[in-house]
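Working through the structure, step by step
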Amino acid sequence: MVQPEQVDALNVPNHRFSITSSIKPSRRSLIHIELQHTTSISDGFNFQLFQRSPTFQITNPFTLLNIYAEHAFLDNRFALFGDVKNALNDNAHTQFGFNGLGTTGTVGVRLSLN
């Protein structure tokens, strides 16, 4: 039988806290804000030494702020939207060996043919 201390959880944060809020300032507008803090991520395998290690830390803590906004026109058939990920530009390393993307943004148009 496998003992709990023998099971390695890959890339599991010690703690993750998140606050999410969606606001509709008008019938046609939406603002969605998410703030997420992740503590250091530990792994049961030391990738630098290529050996097992019980509490090897692979990432530093990071905080992400994601913001999405949308406004609809023409009876919600046409909408403009914008989405910003990692607005604080925190150096988020969610996977060992891979840098975070930094702040990224998307703008677009949504068209409904209904």
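Residues numbered from 1 in each chain as written. Predicted model: local features only at pLDDT ≥ 70, side-chain atom pairs only at ≥ 80, totals over all residues. Heavy atoms only, no water.

1. What to know about a nonpolar patch on the surface
Together, I23, I31, I33, I67 and V84 make up an exposed nonpolar region whose accessible area comes to about 330 Å². You can call I67 partly exposed: its relative accessible area is 31%. (Patch = residues over 30% accessible without salt bridge, like charges linked within 9 Å, V, L, I, M, F, W, Y side chains within 5 Å. Areas by Shrake-Rupley, 256 points an atom, 1.4 Å probe, with all protein chains shown as cover. Salt bridge = Lys/Arg side-chain N within 4 Å of Asp/Glu carboxyl O. Buried < 20%, exposed > 50% of the residue type's maximum accessible area, 1.4 Å probe, protein only.)

2. Comments concerning the packing of aromatic side chains
Inspection of every chain in the model, using the stated rule, returns two aromatic pairs. Taken together, a centroid distance of 6.1 Å and an interplanar angle of 25° make the contact between Y68 and F81 stacked. Placement of Y68 in strand β6 (residues 62-73) and of F81 in strand β7 (residues 78-85) is noted, with a sequence separation of 13 residues between them. Ring centres of F73 and F78 lie 6.0 Å apart, and the angle between their planes is 45°; this geometry places the pair in the tilted category. (Phe/Tyr/Trp six-rings, centres within 6.5 Å; stacked < 30°, edge-to-face > 60°. Helix = DSSP H or I, 4+ residues; strand = E, 2+ residues; numbered from the N terminus.)

3. Comments concerning the sheet that holds strand β8 (residues 104-111)
Read across the sheet, five strands follow the order β2-β3-β6-β7-β8 without closing on themselves; strand pairing throughout is antiparallel. In this open sheet, the two strands that pair with only one neighbour each are β2 (16-23) and β8. Taking the axes of each pair of neighbouring strands and ignoring which way they run, one obtains an average angle of 10° across the sheet. Where β7 and β8 come together, eight bridges link them in antiparallel fashion. (Pairing = 2+ DSSP bridges. Axes fitted to C-alpha atoms, helices over the stretch in contact; angles between N-to-C directions.)

4. Considerations on the environment of T106
Here T106 lies in strand β8. Sequence separation between T106 and V84 is 22 residues, and the spatial gap between their C-alpha atoms is 6.5 Å.

5. Things to note about the pattern of salt bridges
What the rule picks out here adds up to two salt bridges. With a closest N to O distance of 2.9 Å, R110 and E70 form a salt bridge. Of this pair, R110 sits in strand β8 while E70 sits in strand β6, and the two are 40 residues apart along the sequence. A residue is classified by how much of its surface remains accessible, and R110, at 32% relative accessible area, is partly exposed.

6. Some points on the environment of G105
Following the sequence through the fold, G105 ends up in strand β8. We classify G105 as exposed; its relative accessible area is 60%. In this structure, the C-alpha to C-alpha distance between G105 and D83, residues 22 residues apart in sequence, is 5.5 Å. What G105 contacts, discounting residues up to four positions off in sequence, is D83 and V84. (Contact = heavy atoms within 4.5 Å.)

From the geometry alone we can't say anything about function, so treat these as descriptive.
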